[in-house]
Amino acid sequence: MGDCIDRYMGLVAERADLFAPEAGFSYVVDEARLREASTDEAPLGLLYASDYHYLLVDLIQMSDGAMLRYERFVQRASGRGVVVVPESEDGIVLLQQERPPAGGAFWGFPRGFGEDGLEAHENARKEVTEELSCTACDFTELGSFVADTGVTGDRVVAFNCTVADVAPSVGYEGTLSWRAVSYEELRTMVRAGEIDDGMTLSALRLYEAAKGLA
């Protein structure tokens, strides 16, 4: 378990922003206290690291003084994740992509993890042009959201843009197909349950708010 805590303490030093909550609770970052509380059956620390995420088990002192353990996924890069609502002359562009963690294929907007060294608007341009194989302009930031506050604090920034020459490559990042739909068709798909991807629904609501729609 020491290795997990060693890695955790390294992350505390490298990414202090991940351990500075804005609410009344606090992350325990005292190494001795973490080692005392960590066990083989219930380890604390940085348990897993991939190219994209860390899996942390934190020891939390809640605002009422209670001590609790919480698991959370943290994006490895410091840049913001993005989701883009792309509009072409034929309508709002949707991708149908395989999403193995959710066990199926989902219709949604282009999106991507944050990347070190890229501002959110730069990442948005990168993601939409790569996923749609298109040209893109007129990017507007719509707002931001946290996709699931129960497991992560990573904030995603939503954008709207204009695209042309859309030609997604089937097979790229699990892409099965694509379509351009009117706003009314998009709403019909939502009501019918054909669009149930949380990132897409969140971005759509920010888009509607920005456009003064429903």
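A. Up close: the overall build of the protein. Looking only at helices and strands, the protein features five helices and 11 strands. Based on the C-alpha atoms only, the size of the protein along its principal axes is roughly 60 × 35 × 30 Å. Within the protein, buried positions represent 40% of all 214 residues. Long-range pairs, those at least 24 residues apart, make up 62% of the contacts in the protein between residues at least 6 apart in sequence. Of the roughly 11,300 Å² that the protein leaves accessible, carbon and sulfur atoms contribute 48%. Here the protein carries 18 positive and 37 negative side-chain charges, and the mean point of each set is 3 Å from the other.

B. Expanded view of the side chain of T200. Structurally, the position occupied by T200 is in helix α5 (residues 198–211). In this structure the side chain of T200 is engaged in a polar contact, spanning 2.7 Å, whose partner is the side chain of D197. Those residues in contact with T200, other than ones at most four positions away along the chain, are W107, G108, F109 and I195.

C. Just the packing of aromatic side chains, in detail. Taken as a whole and judged by the stated rule, the model has four aromatic pairs. Considering the side-chain rings of Y8 and F19, the 5.3 Å spacing of their centres and the 75 degrees angle between planes classify their relative orientation as edge-to-face. Here Y8, found in helix α1 (residues 2–14), pairs with F19, found in the loop between α1 and β1 (26–27); they are 11 residues apart in sequence, far enough to count as distant. Looking at Y8, the relative accessible area reads 1%, which means it is buried. Residue classification places F19 among the buried residues on the basis of a relative accessible area of 10%. Each ring, one from F25 and one from Y27, has its centre 5.7 Å from the other, and the planes form 80 degrees; the classification is edge-to-face. Accessibility expressed as a relative area gives 18% for Y27, which makes it buried. Counting every residue linked through ring pairs, the aromatic cluster contains Y8, F19, F25 and Y27.

D. The arrangement of the pattern of salt bridges in detail. In the structure shown here, the tally under the stated rule is 11 salt bridges. With its nearest N and O atoms 2.7 Å apart, the salt bridge here joins K126 to E115. Taken as a pair, K126 in helix α3 (residues 120–132) and E115 in the loop between β8 (111–112) and α3 lie far apart in primary sequence, 11 residues in all. The partly exposed category is assigned to K126, whose relative accessible area is 25%. Among the residues examined, E115 registers a relative accessible area of 27% and is labelled partly exposed. For K126, the salt bridge is made with E130, and the minimal N-O distance between the two is 3.3 Å. Taken as a pair, K126 and E130 lie in helix α3 at a separation of four residues, close to a single helical turn.

E. Structural view of α5. In this model α5 runs 20 Å from its N-terminal to its C-terminal C-alpha over 14 residues, within 8% of the 20 Å that 1.5 Å per residue would give. Of all the residues in α5, the buried ones are M199, T200, A203, L204, Y207 and E208. Within α5, the buried residues cover an arc of 165 degrees as seen down the axis, which keeps them to one side.

F. Representation of the pairing of strand β5 (residues 81–88). Of all eight residues making up β5, seven are buried, and the element is well covered by its neighbours. Sheet analysis places β5 next to strand β10 (residues 155–164), joined by seven bridges and oriented parallel. When the bridges of β10 are listed, G81 appears paired with V156. In the sheet, β5 pairs with β8 via two bridges, with the strands oriented antiparallel.

G. The arrangement of the nonpolar core in detail. Core analysis: the biggest nonpolar cluster contains 19 residues, and V83, V85, I92, L94, F109, L186 and Y207 have the highest contact counts within it. Residue assignment for this core shows that the elements contributing at least two residues are β5, β6 (91–99), β9 (135–146), β10, α4 (183–191) and α5. Ranked by the residues each element gives to this core, the list is headed by α5, at four residues. Residues in contact with L94, not counting those within four places in the same chain, are W107, G108, F109, S177, W178, R179, V181, L186, M189 and I195.

Scoring rules and cut-offs
- Residues numbered from 1 in each chain as written.
- Predicted model: local features only at pLDDT ≥ 70, side-chain atom pairs only at ≥ 80, totals over all residues.
- Heavy atoms only, no water.
- Helix = DSSP H or I, 4+ residues; strand = E, 2+ residues; numbered from the N terminus.
- Buried < 20%, exposed > 50% of the residue type's maximum accessible area, 1.4 Å probe, protein only.
- Contact = heavy atoms within 4.5 Å.
- Areas by Shrake-Rupley, 256 points an atom, 1.4 Å probe, with all protein chains shown as cover.
- Lys, Arg positive; Asp, Glu negative; His and termini not counted.
- Charge placed at Lys NZ, Arg CZ, Asp CG, Glu CD.
- Polar contact = N/O pair within 3.5 Å; in protein donor to acceptor, adjacent residues only side chain to side chain.
- Phe/Tyr/Trp six-rings, centres within 6.5 Å; stacked < 30°, edge-to-face > 60°.
- Salt bridge = Lys/Arg side-chain N within 4 Å of Asp/Glu carboxyl O.
- Expected span 1.5 Å × (residues − 1).
- Arc of directions from axis to C-beta.
- Pairing = 2+ DSSP bridges.
- Core = buried A, V, L, I, M, F, W, Y, C linked by side-chain atoms within 4.5 Å.

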